[in-house]
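The residues making up each chain are set out below.
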Amino acid sequence: MPNIYDEENHKYYVDGEEKPSVTEIAKPISFEGLNNLPRHIVEKARLRGSRVHELAEEYLLVGEIDLDDVEQDYLPYIEQFIEWAFTYNPKVLFTEYRMFSPEFAGTCDLICEIDGKTIIVDYKTTSVIDKKSLSVQLEGYSRLCEYYGIEIDECWYLHLKKDTYVFKPLKPDVEWFDILLKHNNKMKEKK
């Protein structure tokens, strides 16, 4: 049975068995403040993130994008992405790459080469970066890459804002990933 990603429910399956996503594994330590925001604000942010990811992938695969076709709410973010791509000239190896392992799965935003180094780049369009949760996600993506035989030199995040971007390295958190993966497995045992 093949590996399957159920896009509608954001679920990953390996040999018919549901596996946690990297994001799901990191969830217990992600920002708690989101729980206090009105649902429509959280949904708007989720839609923005999804759409900007789609546009970024299109730009990386095609090499251009018709900015006249981009929705006004998302335009500043994709303009910053294009500026980043122009500045760093990434050699794309994989974009929106779904990976599966026997323990967990995930979709890595970008695996590319910049200045001779193979790096994972995770895009964020949130107002603030949750570095602890992100460092756990990056560890998950690093392990998936290792499982697939992709050697990673560094992990970075690309924080896209309306008027600028921030591109910084972030060390994956091995210890917290192990703790949270074990926690996720224990919680599934309880069900």
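Model, not experiment: these values are computed from the prediction.

The rules behind these values
Residues numbered from 1 in each chain as written. Predicted model: local features only at pLDDT ≥ 70, side-chain atom pairs only at ≥ 80, totals over all residues. Heavy atoms only, no water. Helix = DSSP H or I, 4+ residues; strand = E, 2+ residues; numbered from the N terminus. Polar contact = N/O pair within 3.5 Å; in protein donor to acceptor, adjacent residues only side chain to side chain. Buried < 20%, exposed > 50% of the residue type's maximum accessible area, 1.4 Å probe, protein only. Contact = heavy atoms within 4.5 Å. Phe/Tyr/Trp six-rings, centres within 6.5 Å; stacked < 30°, edge-to-face > 60°. Pairing = 2+ DSSP bridges. Axes fitted to C-alpha atoms, helices over the stretch in contact; angles between N-to-C directions.

Chemist: What am I meant to see in the environment of T87 here?
Modeler: Mapped onto the fold, T87 is located in helix α3 (residues 75-88). Here the alpha-carbon distance between T87 and V22, two residues 65 residues apart in the chain, equals 29 Å. At 2.8 Å, the side chain of T87 and the backbone oxygen of E83 are in polar contact.

Chemist: Whenever I open this one, the environment of V52 confuses me. Can you help?
Modeler: By the element assignment, V52 lies in helix α2 (residues 39-62). Judged by its relative accessible area of 1%, V52 is buried. For V52 and L75, which are 23 residues apart along the polypeptide, the C-alpha to C-alpha distance reads 8.7 Å. With residues near it in sequence (within four places) discarded, V52 still touches Y74, Y77, I78, T125 and L160.

Chemist: Please clarify how the packing of aromatic side chains should be interpreted in this entry.
Modeler: Here a ring pair, both rings aromatic, is described through the centre-centre distance and the interplanar angle of the planes. Within this structure, the stated rule accounts for 13 aromatic pairs. Summarising the aromatic geometry, the rings of F81 and Y123 are spaced 5.3 Å apart at their centres and angled 75° between planes, so their arrangement reads as edge-to-face. Of this pair, F81 sits in helix α3 while Y123 sits in strand β6 (residues 117-124), and the two are 42 residues apart along the sequence. Of the two residues, F81 and Y123, both sit in the buried class. An angle of 15° between the planes, with centres 4.1 Å apart, marks the rings of F94 and Y97 as stacked. An aromatic cluster of three or more residues is present, and its members are Y59, F81, W84, Y88, Y123, W156 and F167.

Chemist: Would you explain the side chain of S142 in this entry?
Modeler: Within the secondary structure, S142 is located in helix α4 (residues 131-147). With a relative accessible area of 16%, S142 lands in the buried category. Reaching out from S142, the side chain makes a polar contact with the backbone oxygen of L138 at a distance of 2.8 Å. Aside from chain neighbours lying at most four places away, what touches S142 is I120, C155 and P172.

Chemist: Help me understand the sheet that holds strand β7 (residues 154-160) in this model?
Modeler: Sheet strands line up and pair through hydrogen bonds in the backbone, either parallel or antiparallel. In space, the five strands of this open sheet follow the order β4-β5-β6-β7-β8, with mixed pairing throughout. Only two strands of the sheet have a single neighbouring strand rather than two, namely β4 (91-100) and β8 (165-169). Direction aside, the axes of adjacent strands within the sheet are offset by 30° on average. Here eight bridges tie β4 to strand β5 (residues 105-114), and the two strands are oriented antiparallel to one another. Pairing of T95 across the sheet is with L110, part of β5. Contacts from α2 reach β4, β5, β6 and β7 within the one sheet, and its direction differs from that of β4 by about 135°. In the packing of α3 onto the sheet, the strands contacted are β5, β6, β7 and β8, and the crossing angle to β8 comes to about 50°.

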